[in-house]
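The primary structure of each chain is shown beneath.
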Amino acid sequence: MGEGATQKIDVFAKRIDAVCRSMKVHIRDFEHGMQLCWWVLLAVVIGLIVLIRIRLLAIPLERDEGEYAYAGQLMLQGIPPYRLAYNMKFPGVYAAYALIMSMFGQTSVGIHLGLLIVNVATMVVIFLIARRLISSTAGIAAAASYAVLSVSSAVLGFAAHASHFVMLPALLGVLVLLKPVLPKKMVFVSGTLFGAALLMKQQAIFFICFGAVYLLFRDWRSKLGFSQMLLRNALFIAATALPLAGVCFWLWRGGVLSKFWFWTVLYAREYARLIPMSQAPRIFFQQFGDVIRFGWPLWLLAALGMIASLFDKTIRNATFFILTFVVFSGLALCSGFYFRQHYFIFVLPAICFLMGVLVASASNFCSQLARPALLLPLGIFGAAISFALFAERETLLLQRPLDVSRTIYGGNPFPEAIRVAQYLREHTNPTDTIAVLGSEPEICFYAHRHSATGYIYMYGLMEPQRFAGRMQREMMREIEAARPKYLVIVAVATSWLKRPNSETEIFKWIHRYTAEDFRFDGLVNIVSRKGTDYYLPLSVDLKTIHLSPYYLLIFERTKT
């Protein structure tokens, strides 16, 4: 071969090499551009969700929030849980509310600002978990999905329910378990975080079970000895029990451990037995349809993610974690077979991890076809997010906070509680007590007045359980002994949930007690979704007022 031919071959080879280098640069640039598009999508979604939550900070507290806020308010006054407010939940969420209110004020705005911070922190942790398990793209998809699904009215996402406060420490515990190197001290840290989640609500026990199972699986894959595996798991379980043990000691020192035991163990056991398993499927599917009605495309993508987790070899290492987490999240949802809307928050991180799986799997598949095909997963996911937000545009973007409360909760007197509490506060002294006969503890919180009874919910009194009669009689004695300045009767069915087989002694007592010691002082009549008539104090003849199915009666004590 001549010298000229050799030179031509060298020139041709250099050109081929230059073209290859150029293609690699273009490919890297395209991949970087796609990653940037995912990050932009995440920033836009989180920014929009934060703005929505800020817009709705002033939404009135609902009754669960009222319970937590009132108990937190008492804690800020140095009064331990279960002394002046009874409930079957563990006291962690009361402490969380007390912390939030100490920083942002004892208002609905302050409480919902705390929820906003918890919600954003949860998104960050979900991103970190999905990124560590799969990829950054999966983390972005999971975090963006959680942002949208957790703000939805379908799961009562505007309310600072205990489920939000369960998920943050539980997911932090999960993140620690996923560390590449997991010494014993980090096992202990993870267990403590799971134990903090348990303090928020008992359903966290299922996430503790997940942590123990995953730790065993991880140690088995690491080929640790059997005795070492058991020792590490025992350390984990002991760490989960430590926060609860500390709280029990504190409650014992406060003299309320017996009340804590009755409400969180004895009564809670009765409550968990009220719904038979045979009714669970009907209740689940009825609630599930309502929960997914706005974001059903995202739930559909999560179902496809379940399939992808089983068959995509590129994410096989994450399969055990994902499927096990889905199972235990589902068990947390199923606890007691109530399937309330906000209980579905327990499964949202698992659903979002599945969405991350699908996005990562689809991106891997599309990258093998052609680079522009990578736009397809981004477009489909973006469309699903947009659909969910657009479906709730009226609630999320257009309605005022008070109107949002009425839209979501119907005739429940959550907006009216603010005005009633203001009236009570103006007409009582700080040392006076009030009695709210109905499940509206937010009235006591807004009024900054102690309840005359620890029974801030009427539901336990109406349930067909063996303590109902005893609880009614104890409530009557507490109110009579406290001699409240004002008494509020909440004539709203959802504030009582009276059943055909409910004990009725309390209603006879109410009629007798109000007739003997009180005078009729005011009325709040919820006439429609758009209007409420306030008679505070009552200045017209009651016979001229047409009472709606939703009203509140206010009585003032006459006997000193």
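Residues numbered from 1 in each chain as written. Predicted model: local features only at pLDDT ≥ 70, side-chain atom pairs only at ≥ 80, totals over all residues. Heavy atoms only, no water.

Using the criterion set out here, one finds 48 aromatic pairs in the structure. With centroids separated by 5.8 Å and ring planes inclined at 5 degrees, the aromatic side chains of F321 and F325 adopt a geometry described as stacked. Placement of both F321 and F325 in helix α13 (residues 316–334) is noted, with a separation of 4 residues, approximately one turn of the helix. On the basis of relative accessibility, which here comes to 1%, the residue F321 falls in the buried class. Given a relative accessible area of 1%, F325 falls into the buried group. Three or more aromatic residues link up through ring pairs in this structure, and these residues are F207, F210, Y214, F217, W220, F320, F321, F325, F328, Y343, F346 and F353. (Phe/Tyr/Trp six-rings, centres within 6.5 Å; stacked < 30°, edge-to-face > 60°. Helix = DSSP H or I, 4+ residues; strand = E, 2+ residues; numbered from the N terminus. Buried < 20%, exposed > 50% of the residue type's maximum accessible area, 1.4 Å probe, protein only.)

To continue, consider the sheet that holds strand β1 (residues 433–437). If you walk across this open sheet you meet the 6 strands as β2-β1-β3-β6-β4-β5, and the pairing is mixed. Of all strands in the sheet, those bounded by a partner on one side alone are β2 (450–451) and β5 (531–535). Where strand β3 (residues 486–491) lies against strand β6 (residues 551–557), 6 bridges are found, and the strand directions are antiparallel. Bridge assignment links L487 to a residue of β6, and that residue is F555. (Pairing = 2+ DSSP bridges.)

What follows covers the pairing of strand β4 (residues 518–528). Two strands pair when backbone bridges link them, and β4 and β6 are joined in this way by 7 bridges, in the antiparallel orientation. For F518, the partnering residue across the bridge sits in β6 and is R557. Sheet analysis places β4 next to β5, joined by 5 bridges and oriented antiparallel. Bridge assignment links N525 to a residue of β5, and that residue is D533. Between the antiparallel neighbours β4 and β5 lie 2 residues.

The next thing to look at is the side chain of E463. Mapping E463 onto the fold places it in the loop between α20 (459–462) and α21 (468–482). No salt bridge is formed by the buried E463, whose closest oppositely charged neighbour, R499, lies at an N-O distance of 4.7 Å. Aside from chain neighbours lying at most four places away, what touches E463 is Y267, Y271, L274, A468 and R499. (Lys, Arg positive; Asp, Glu negative; His and termini not counted. Salt bridge = Lys/Arg side-chain N within 4 Å of Asp/Glu carboxyl O. Contact = heavy atoms within 4.5 Å.)

For the rest of this paragraph, the subject is the packing of helix α5 (residues 136–151) against helix α14 (residues 348–369). Where α5 contacts α14, the two axes come as close as 8 Å, and the packing angle between them is 140 degrees. By the criterion of interaxial angle, the relationship of α5 to α14 is oblique. As α5 packs across α14, the resulting crossing turns out to be right-handed. On the side of α5, the interface is formed by T137, A138, A141, A142, S145, Y146, L149 and S150, while α14 contributes L348, P349, I351, C352, F353, M355, G356, V359, A360 and S363. Its residues assigned to classes, the contact of α5 with α14 shows 13 nonpolar, 5 polar and no charged. (Axes fitted to C-alpha atoms, helices over the stretch in contact; angles between N-to-C directions. Parallel < 35°, antiparallel > 145°, perpendicular 65-115°, else oblique. Left-handed = near helix turned anticlockwise from the far one by under 90°. Nonpolar A, V, L, I, M, F, W, Y, C, P; charged D, E, K, R; others polar.)

Throughout the structure, instances matching the rule amount to 12 salt bridges. Salt-bridge contacts for E67 lead to K89; the nearest nitrogen and oxygen are separated by 3.0 Å. With E67 in helix α2 (residues 63–76) and K89 in the loop between α2 and α3 (92–104), this pair connects stretches of sequence that are 22 residues apart. Ionic pairing is found between D521 and R519, a salt bridge with its closest N-O pair at 3.1 Å. Here D521 falls in the buried class, since its relative accessible area comes to 4%. When salt bridges that share partners are traced, they join E270, R273 and R466 into one network.

With that out of the way, let us pick up the environment of W38. In this structure, W38 sits in helix α1 (residues 3–55). By relative accessible area, W38 is classed as buried at 3%. In this structure, the C-alpha to C-alpha distance between W38 and D517, residues 479 residues apart in sequence, is 66 Å. With residues near it in sequence (within four places) discarded, W38 still touches T137, I140, A141, V359, P377, L378 and F381.

Attention now moves to unusual backbone geometry. Residue P537 follows L536 across a cis peptide bond; omega there is 0 degrees. Looking at the secondary structure, you find P537 in the loop between β5 and β6. Here the phi dihedral of F339 falls at roughly 50 degrees; this positive angle occurs in a residue that is not glycine. Following the sequence through the fold, F339 ends up in the loop between α13 and α14.

Taking 1.5 Å of rise per residue, the 13 residues of helix α22 (residues 505–517) would be expected to cover 18 Å, and the 18 Å separating its terminal C-alpha atoms lies within 8% of that figure. All of the buried residues along α22 are I506, W509, I510, Y513, T514 and D517. The arc enclosing the buried residues of α22, seen along the axis, measures out at 120 degrees, which places them on a common side. In this structure, α22 carries K508, H511 and A515 as exposed residues pointing more than 90 degrees from its buried face. Tucked inside the fold, the buried residues of α22 contact β1, α20, α21, β3, β4 and β6. (Expected span 1.5 Å × (residues − 1). Arc of directions from axis to C-beta.)

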